[in-house]
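# Per-entry structural report
Letter by letter, the chains look like this.
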Amino acid sequence: MKMKAIQIMQNGRKIYLTYITAKDLASAIKTRIDIYSSKNPEGYQREPTKSRIKQVARFLLSEKGIIPVSALISIRGKLSFKEESGSVGTLTINEDEIFWQVDGQHRLAGLIEAIKLKPELENFEMPLIIINPSSWEKEIQNPQFMEAYQFYVINKTQKGVRSDLAEQFLARLFKEEKNIENIIKLPNIITRGIEWVPSAIQISEILNKGKTMWQGRICPPNEPKGQTIINQKSFTDSLKPILTHDNFKQYSVEEMAELLKRYWQAISEFMPEVFEFPKDYVIQKTTGPFVLHKLFPDVTSYCPKKLLTKDNFKDVLKGLKEGISAEFWSNNGIAGLAGTNKKAFSLLEKKLRASLIKSHRDLKPNRPFEL
(Lines give C-alpha, C1' and ligand atoms only; values in the text may rest on other atoms or scores of the structure.)
Protein backbone atom coordinates (compact mmCIF):
# COMPACT_ATOMS: atom_id res chain seq x y z
CA MET A 1 0.00 0.00 0.00
CA LYS A 2 1.24 3.47 -0.90
CA MET A 3 0.20 6.45 1.23
CA LYS A 4 1.00 10.14 1.01
CA ALA A 5 2.71 11.06 4.26
CA ILE A 6 4.83 13.56 6.13
CA GLN A 7 7.98 12.23 7.78
CA ILE A 8 8.60 13.68 11.22
CA MET A 9 11.79 13.32 13.26
CA GLN A 10 11.63 13.14 17.06
CA ASN A 11 14.83 12.41 18.99
CA GLY A 12 16.29 10.61 15.99
CA ARG A 13 13.23 8.45 15.46
CA LYS A 14 11.04 8.68 12.38
CA ILE A 15 7.26 8.77 12.58
CA TYR A 16 4.79 9.36 9.78
CA LEU A 17 1.70 11.50 9.59
CA THR A 18 -0.84 10.30 7.04
CA TYR A 19 -4.50 9.33 6.60
CA ILE A 20 -6.63 6.47 5.38
CA THR A 21 -10.14 6.42 3.96
CA ALA A 22 -12.90 4.58 5.78
CA LYS A 23 -13.24 2.25 2.79
CA ASP A 24 -9.57 1.23 2.88
CA LEU A 25 -9.67 0.92 6.66
CA ALA A 26 -12.59 -1.48 6.42
CA SER A 27 -11.41 -3.60 3.50
CA ALA A 28 -7.97 -2.85 2.04
CA ILE A 29 -5.74 -3.28 5.10
CA LYS A 30 -5.40 -5.73 7.94
CA THR A 31 -5.88 -4.13 11.34
CA ARG A 32 -5.50 -5.79 14.69
CA ILE A 33 -5.42 -4.98 18.39
CA ASP A 34 -2.90 -6.82 20.59
CA ILE A 35 -5.49 -8.01 23.12
CA TYR A 36 -4.45 -9.93 26.21
CA SER A 37 -6.03 -13.38 26.57
CA SER A 38 -5.12 -16.90 27.63
CA LYS A 39 -4.18 -17.56 24.01
CA ASN A 40 -2.20 -14.33 23.79
CA PRO A 41 -0.64 -13.79 27.26
CA GLU A 42 1.80 -11.22 25.86
CA GLY A 43 -1.00 -8.92 24.71
CA TYR A 44 -1.16 -5.52 26.40
CA GLN A 45 -4.64 -4.23 25.57
CA ARG A 46 -8.25 -4.85 26.55
CA GLU A 47 -11.16 -5.62 24.25
CA PRO A 48 -12.71 -2.41 22.87
CA THR A 49 -15.96 -1.42 24.56
CA LYS A 50 -18.95 -1.95 22.26
CA SER A 51 -20.89 0.97 23.72
CA ARG A 52 -18.02 3.37 23.01
CA ILE A 53 -17.72 2.08 19.44
CA LYS A 54 -21.44 2.69 18.89
CA GLN A 55 -21.11 6.13 20.45
CA VAL A 56 -18.40 7.08 17.94
CA ALA A 57 -20.47 5.67 15.07
CA ARG A 58 -23.55 7.66 16.11
CA PHE A 59 -21.46 10.80 16.30
CA LEU A 60 -20.07 10.26 12.79
CA LEU A 61 -23.54 9.59 11.43
CA SER A 62 -24.60 13.05 12.59
CA GLU A 63 -24.41 15.79 10.00
CA LYS A 64 -21.14 17.40 11.12
CA GLY A 65 -19.34 14.55 12.92
CA ILE A 66 -15.56 14.64 12.44
CA ILE A 67 -12.51 12.98 14.07
CA PRO A 68 -9.64 15.49 13.94
CA VAL A 69 -7.46 13.46 16.35
CA SER A 70 -5.20 10.82 14.82
CA ALA A 71 -5.04 7.14 15.75
CA LEU A 72 -1.63 5.57 16.46
CA ILE A 73 -0.66 2.62 14.25
CA SER A 74 2.42 0.41 14.48
CA ILE A 75 3.96 -1.47 11.56
CA ARG A 76 6.12 -4.28 12.95
CA GLY A 77 7.68 -5.24 9.66
CA LYS A 78 9.50 -3.07 7.14
CA LEU A 79 8.29 0.04 5.39
CA SER A 80 9.92 2.60 3.14
CA PHE A 81 9.53 6.31 2.63
CA LYS A 82 10.46 8.22 -0.51
CA GLU A 83 10.82 11.96 -0.11
CA GLU A 84 9.29 14.05 -2.85
CA SER A 85 9.26 17.56 -1.44
CA GLY A 86 11.09 18.12 1.80
CA SER A 87 9.51 15.93 4.44
CA VAL A 88 6.48 15.16 2.25
CA GLY A 89 6.58 11.93 0.28
CA THR A 90 5.18 8.44 -0.27
CA LEU A 91 5.05 5.80 2.44
CA THR A 92 5.09 2.23 1.12
CA ILE A 93 3.86 -0.61 3.31
CA ASN A 94 3.76 -4.25 2.28
CA GLU A 95 0.22 -5.46 1.55
CA ASP A 96 0.65 -8.32 4.04
CA GLU A 97 1.61 -6.07 6.93
CA ILE A 98 -0.77 -5.76 9.86
CA PHE A 99 -1.73 -2.29 11.04
CA TRP A 100 -1.44 -2.75 14.81
CA GLN A 101 -3.76 -0.36 16.63
CA VAL A 102 -1.84 1.15 19.56
CA ASP A 103 -4.19 4.03 20.35
CA GLY A 104 -7.54 5.14 18.91
CA GLN A 105 -9.17 1.71 18.65
CA HIS A 106 -12.67 3.00 19.42
CA ARG A 107 -12.39 5.75 16.81
CA LEU A 108 -11.25 3.30 14.15
CA ALA A 109 -13.90 0.70 15.00
CA GLY A 110 -16.56 3.41 15.23
CA LEU A 111 -15.71 4.62 11.73
CA ILE A 112 -15.96 1.09 10.34
CA GLU A 113 -19.31 0.66 12.09
CA ALA A 114 -20.55 3.99 10.69
CA ILE A 115 -19.90 3.15 7.03
CA LYS A 116 -21.93 -0.05 7.42
CA LEU A 117 -24.93 2.15 8.16
CA LYS A 118 -23.99 5.00 5.84
CA PRO A 119 -21.90 3.88 2.81
CA GLU A 120 -21.49 7.53 1.74
CA LEU A 121 -18.89 7.81 4.51
CA GLU A 122 -16.49 5.50 2.68
CA ASN A 123 -14.38 8.50 1.58
CA PHE A 124 -14.14 9.83 5.14
CA GLU A 125 -10.42 10.38 5.79
CA MET A 126 -9.06 9.26 9.15
CA PRO A 127 -5.75 10.82 10.28
CA LEU A 128 -3.07 8.34 11.33
CA ILE A 129 0.30 8.45 13.03
CA ILE A 130 2.37 5.48 11.91
CA ILE A 131 5.39 4.22 13.82
CA ASN A 132 7.88 1.54 12.85
CA PRO A 133 9.52 0.51 16.15
CA SER A 134 11.84 -2.06 14.57
CA SER A 135 13.66 0.76 12.76
CA TRP A 136 14.22 2.80 15.94
CA GLU A 137 16.57 0.73 18.05
CA LYS A 138 18.61 -2.17 16.67
CA GLU A 139 18.96 -3.65 20.15
CA ILE A 140 15.17 -3.86 20.55
CA GLN A 141 14.23 -7.00 18.69
CA ASN A 142 10.58 -7.02 19.77
CA PRO A 143 8.59 -4.07 18.33
CA GLN A 144 5.70 -5.08 20.59
CA PHE A 145 7.73 -3.74 23.53
CA MET A 146 7.78 -0.22 22.07
CA GLU A 147 4.08 -0.43 21.23
CA ALA A 148 3.21 -1.38 24.79
CA TYR A 149 5.51 1.37 26.06
CA GLN A 150 3.81 4.01 23.87
CA PHE A 151 0.39 2.70 24.88
CA TYR A 152 1.34 2.93 28.56
CA VAL A 153 2.78 6.44 28.27
CA ILE A 154 -0.28 7.75 26.38
CA ASN A 155 -2.85 6.23 28.71
CA LYS A 156 -1.00 6.56 32.02
CA THR A 157 0.32 10.11 31.72
CA GLN A 158 -2.43 11.69 29.61
CA LYS A 159 -4.85 13.50 31.88
CA GLY A 160 -8.32 14.30 30.60
CA VAL A 161 -8.77 18.03 30.15
CA ARG A 162 -11.71 19.43 32.06
CA SER A 163 -14.39 20.58 29.66
CA ASP A 164 -16.56 22.65 32.00
CA LEU A 165 -15.89 25.96 30.23
CA ALA A 166 -16.76 24.49 26.83
CA GLU A 167 -19.85 22.89 28.36
CA GLN A 168 -20.96 26.24 29.75
CA PHE A 169 -20.40 27.96 26.42
CA LEU A 170 -22.32 25.32 24.44
CA ALA A 171 -25.15 25.26 26.96
CA ARG A 172 -25.62 29.03 26.80
CA LEU A 173 -25.33 29.01 23.01
CA PHE A 174 -28.08 26.41 22.67
CA LYS A 175 -30.29 28.39 25.03
CA GLU A 176 -29.75 31.76 23.35
CA GLU A 177 -29.54 30.67 19.70
CA LYS A 178 -32.78 28.88 18.96
CA ASN A 179 -31.72 27.86 15.43
CA ILE A 180 -28.30 26.49 16.40
CA GLU A 181 -29.48 22.87 16.00
CA ASN A 182 -30.22 23.59 12.35
CA ILE A 183 -26.58 24.60 11.90
CA ILE A 184 -24.77 21.83 13.72
CA LYS A 185 -25.87 18.47 15.06
CA LEU A 186 -24.18 17.55 18.32
CA PRO A 187 -24.25 14.02 19.79
CA ASN A 188 -26.44 13.22 22.78
CA ILE A 189 -23.41 13.06 25.06
CA ILE A 190 -23.12 16.84 24.63
CA THR A 191 -26.73 17.94 24.21
CA ARG A 192 -28.34 15.84 26.94
CA GLY A 193 -27.53 18.50 29.56
CA ILE A 194 -28.35 21.52 27.43
CA GLU A 195 -31.76 22.07 29.05
CA TRP A 196 -30.60 22.21 32.67
CA VAL A 197 -26.90 23.15 32.59
CA PRO A 198 -27.41 26.89 31.89
CA SER A 199 -29.82 27.13 34.84
CA ALA A 200 -27.43 25.21 37.08
CA ILE A 201 -24.60 27.59 36.20
CA GLN A 202 -26.72 30.65 36.95
CA ILE A 203 -27.94 29.20 40.25
CA SER A 204 -24.39 28.43 41.36
CA GLU A 205 -23.33 31.98 40.51
CA ILE A 206 -26.25 33.48 42.47
CA LEU A 207 -25.51 31.35 45.53
CA ASN A 208 -21.78 32.04 45.32
CA LYS A 209 -22.17 35.82 45.10
CA GLY A 210 -25.19 36.37 47.38
CA LYS A 211 -25.56 36.21 51.14
CA THR A 212 -25.94 32.44 51.40
CA MET A 213 -24.15 29.50 53.00
CA TRP A 214 -22.32 29.18 49.68
CA GLN A 215 -21.01 32.73 49.40
CA GLY A 216 -17.41 32.57 48.20
CA ARG A 217 -17.32 28.78 48.59
CA ILE A 218 -17.75 27.81 44.90
CA CYS A 219 -14.68 28.12 42.68
CA PRO A 220 -15.49 29.33 39.11
CA PRO A 221 -13.47 27.93 36.17
CA ASN A 222 -9.96 29.39 35.73
CA GLU A 223 -10.09 31.14 39.11
CA PRO A 224 -7.65 30.55 42.01
CA LYS A 225 -8.99 28.14 44.60
CA GLY A 226 -8.40 30.53 47.51
CA GLN A 227 -10.88 29.83 50.31
CA THR A 228 -13.37 28.04 48.05
CA ILE A 229 -14.45 24.50 48.95
CA ILE A 230 -15.93 23.04 45.75
CA ASN A 231 -15.44 23.73 42.04
CA GLN A 232 -18.36 25.08 40.04
CA LYS A 233 -18.51 22.05 37.75
CA SER A 234 -19.13 19.67 40.67
CA PHE A 235 -21.72 21.97 42.20
CA THR A 236 -23.66 22.44 38.96
CA ASP A 237 -23.59 18.70 38.26
CA SER A 238 -25.08 18.07 41.71
CA LEU A 239 -28.11 20.17 40.76
CA LYS A 240 -29.22 17.85 37.96
CA PRO A 241 -31.67 15.76 40.10
CA ILE A 242 -33.43 18.98 41.08
CA LEU A 243 -33.50 20.81 37.76
CA THR A 244 -34.68 17.73 35.81
CA HIS A 245 -37.41 16.92 38.36
CA ASP A 246 -40.98 17.64 37.24
CA ASN A 247 -41.80 19.41 40.52
CA PHE A 248 -39.31 22.20 39.84
CA LYS A 249 -39.57 22.87 36.12
CA GLN A 250 -42.08 25.63 36.82
CA TYR A 251 -39.59 27.69 38.85
CA SER A 252 -37.31 30.39 37.45
CA VAL A 253 -33.57 30.39 38.09
CA GLU A 254 -34.00 33.10 40.74
CA GLU A 255 -36.76 31.15 42.49
CA MET A 256 -34.72 27.95 42.53
CA ALA A 257 -31.72 29.82 43.93
CA GLU A 258 -33.96 31.21 46.68
CA LEU A 259 -35.33 27.74 47.54
CA LEU A 260 -31.82 26.31 47.75
CA LYS A 261 -30.72 29.24 49.89
CA ARG A 262 -33.51 28.44 52.37
CA TYR A 263 -32.72 24.72 52.23
CA TRP A 264 -29.06 25.21 53.10
CA GLN A 265 -29.89 27.80 55.77
CA ALA A 266 -32.17 25.25 57.41
CA ILE A 267 -29.40 22.64 57.29
CA SER A 268 -26.86 25.07 58.76
CA GLU A 269 -29.02 25.82 61.81
CA PHE A 270 -28.72 22.21 62.93
CA MET A 271 -24.91 22.26 62.78
CA PRO A 272 -23.45 25.77 62.37
CA GLU A 273 -19.89 24.61 63.14
CA VAL A 274 -19.86 22.58 59.92
CA PHE A 275 -20.20 25.76 57.87
CA GLU A 276 -17.88 27.77 60.11
CA PHE A 277 -15.04 25.31 59.52
CA PRO A 278 -15.99 23.80 56.11
CA LYS A 279 -12.62 22.20 55.37
CA ASP A 280 -13.04 19.87 58.35
CA TYR A 281 -16.28 18.49 56.93
CA VAL A 282 -17.52 17.15 53.58
CA ILE A 283 -20.92 18.82 53.55
CA GLN A 284 -19.71 21.65 51.29
CA LYS A 285 -17.25 19.48 49.38
CA THR A 286 -18.45 17.24 46.55
CA THR A 287 -20.19 14.76 48.87
CA GLY A 288 -22.64 17.15 50.53
CA PRO A 289 -24.19 18.77 47.42
CA PHE A 290 -24.48 15.46 45.53
CA VAL A 291 -26.22 13.74 48.44
CA LEU A 292 -28.38 16.58 49.79
CA HIS A 293 -29.44 17.91 46.39
CA LYS A 294 -30.58 14.46 45.36
CA LEU A 295 -32.60 14.35 48.59
CA PHE A 296 -34.08 17.82 48.03
CA PRO A 297 -37.21 16.69 46.08
CA ASP A 298 -38.10 14.30 48.92
CA VAL A 299 -37.63 16.97 51.57
CA THR A 300 -39.85 19.45 49.71
CA SER A 301 -42.57 16.84 49.24
CA TYR A 302 -43.00 16.60 53.02
CA CYS A 303 -43.16 20.36 53.60
CA PRO A 304 -46.45 21.21 55.41
CA LYS A 305 -49.03 23.26 53.53
CA LYS A 306 -46.81 23.00 50.44
CA LEU A 307 -44.88 26.08 51.60
CA LEU A 308 -41.14 25.86 50.97
CA THR A 309 -39.95 28.11 53.78
CA LYS A 310 -36.79 27.75 55.83
CA ASP A 311 -38.78 26.80 58.94
CA ASN A 312 -40.75 24.16 57.03
CA PHE A 313 -37.52 22.76 55.66
CA LYS A 314 -36.23 22.53 59.23
CA ASP A 315 -39.33 20.66 60.39
CA VAL A 316 -38.81 18.06 57.67
CA LEU A 317 -35.02 17.84 58.02
CA LYS A 318 -35.38 16.81 61.66
CA GLY A 319 -36.26 13.42 60.27
CA LEU A 320 -32.72 12.93 58.95
CA LYS A 321 -31.58 12.20 62.53
CA GLU A 322 -27.81 11.61 62.29
CA GLY A 323 -27.75 13.21 58.83
CA ILE A 324 -28.04 16.64 60.45
CA SER A 325 -25.18 16.12 62.89
CA ALA A 326 -21.67 17.54 62.52
CA GLU A 327 -20.22 14.14 63.41
CA PHE A 328 -21.92 12.51 60.42
CA TRP A 329 -20.40 15.03 57.95
CA SER A 330 -16.94 15.16 59.55
CA ASN A 331 -13.95 14.19 57.37
CA ASN A 332 -13.62 11.18 59.69
CA GLY A 333 -17.35 10.58 59.99
CA ILE A 334 -19.71 8.32 58.05
CA ALA A 335 -20.01 10.70 55.09
CA GLY A 336 -16.34 11.63 55.12
CA LEU A 337 -15.16 8.03 55.00
CA ALA A 338 -17.79 6.81 52.53
CA GLY A 339 -15.84 7.81 49.43
CA THR A 340 -16.26 10.36 46.67
CA ASN A 341 -17.73 8.32 43.83
CA LYS A 342 -21.30 7.96 42.61
CA LYS A 343 -21.81 4.67 44.40
CA ALA A 344 -20.80 6.22 47.73
CA PHE A 345 -23.10 9.20 47.15
CA SER A 346 -25.97 6.86 46.30
CA LEU A 347 -25.49 4.80 49.47
CA LEU A 348 -25.45 7.92 51.66
CA GLU A 349 -28.51 9.34 49.94
CA LYS A 350 -30.44 6.07 50.37
CA LYS A 351 -29.47 5.94 54.04
CA LEU A 352 -30.77 9.48 54.65
CA ARG A 353 -33.91 8.92 52.56
CA ALA A 354 -34.78 5.82 54.58
CA SER A 355 -34.45 7.86 57.76
CA LEU A 356 -36.61 10.64 56.29
CA ILE A 357 -39.37 8.28 55.18
CA LYS A 358 -39.39 6.49 58.54
CA SER A 359 -39.68 9.77 60.44
CA HIS A 360 -42.55 11.00 58.27
CA ARG A 361 -44.36 7.73 57.65
CA ASP A 362 -47.61 9.30 58.86
CA LEU A 363 -47.41 12.04 56.21
CA LYS A 364 -48.38 11.68 52.59
CA PRO A 365 -45.83 13.31 50.22
CA ASN A 366 -47.27 16.11 48.08
CA ARG A 367 -46.28 18.24 45.16
CA PRO A 368 -45.01 21.68 46.33
CA PHE A 369 -46.23 24.65 44.35
CA GLU A 370 -45.72 27.65 46.60
CA LEU A 371 -42.63 29.58 47.55
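The structure presented is a predicted model; accordingly, all values stated were derived computationally and were not measured. (Residues numbered from 1 in each chain as written. Predicted model: local features only at pLDDT ≥ 70, side-chain atom pairs only at ≥ 80, totals over all residues. Heavy atoms only, no water.)

## Describing the pattern of salt bridges
One pass over the structure, following the stated rule, counts 15 salt bridges. As a salt-bridge pair, K351 and E322 come within 3.0 Å of each other at their nearest N and O atoms. Here K351, found in helix 17 (residues 342-359), pairs with E322, found in the loop between helix 14 (310-317) and helix 15 (326-329); they are 29 residues apart in sequence, far enough to count as distant. What you see here is one network of salt bridges that share partners, running through K294, D298, E349 and R353. (Salt bridge = Lys/Arg side-chain N within 4 Å of Asp/Glu carboxyl O. Helix = DSSP H or I, 4+ residues; strand = E, 2+ residues; numbered from the N terminus.)

## Considerations on the environment of S268
With respect to the helices, strands and loops of the structure, S268 is situated in helix 11 (residues 253-270). Using a relative accessible area of 9% as the deciding quantity, one classes S268 as buried. Taking the C-alpha atoms as reference, S268 lies 7.8 Å from M213; in sequence the two are 55 residues apart. When residues no more than four places from it in sequence are discounted, the contact partners of S268 are M213 and F275. Separated by 2.7 Å, the side chain of S268 and the backbone oxygen of Q265 make a polar contact. (Buried < 20%, exposed > 50% of the residue type's maximum accessible area, 1.4 Å probe, protein only. Contact = heavy atoms within 4.5 Å. Polar contact = N/O pair within 3.5 Å; in protein donor to acceptor, adjacent residues only side chain to side chain.)

## Describing helix 3 (residues 105-117)
Structurally, the α-helix is built with 3.6 residues per turn, so residues lying three or four positions apart point the same way. When the terminal C-alpha atoms of helix 3 are compared, their 19 Å separation across 13 residues agrees well with the 18 Å that a helix rising 1.5 Å per residue should span. Three or more residues of helix 3 are buried, namely Q105, H106, L108, G110, L111, A114 and I115. (Expected span 1.5 Å × (residues − 1).)

## Overview of the packing of helix 13 (residues 287-301) against helix 17
Where helix 13 meets helix 17, the axes come as close as 9 Å, and the angle between the chain directions of the two elements is 35°. The hand of the helix 13/helix 17 crossing is right-handed. Here helix 13 contributes T287, F290, V291, L292, K294, L295, D298 and V299 to the contact with helix 17, which in turn contributes F345, L348, E349, L352, R353 and L356. Here the residues of the contact of helix 13 with helix 17 sort into nine nonpolar, one polar and four charged. (Axes fitted to C-alpha atoms, helices over the stretch in contact; angles between N-to-C directions. Left-handed = near helix turned anticlockwise from the far one by under 90°. Nonpolar A, V, L, I, M, F, W, Y, C, P; charged D, E, K, R; others polar.)

## Quick word on the pairing of strand 8 (residues 125-131)
The element strand 8 is extensively covered by neighbouring structure, given that six of its seven residues are classed as buried. Bridging between strand 2 (residues 13-21) and strand 8 involves seven bridges; their strand directions are antiparallel. Bridging across to strand 8, I20 finds its partner in M126. Bridge count for strand 4 (residues 71-74) against strand 8 is four bridges, and the pairing is parallel. Counterpart to I73 in the pairing with strand 8 is I130. (Pairing = 2+ DSSP bridges.)

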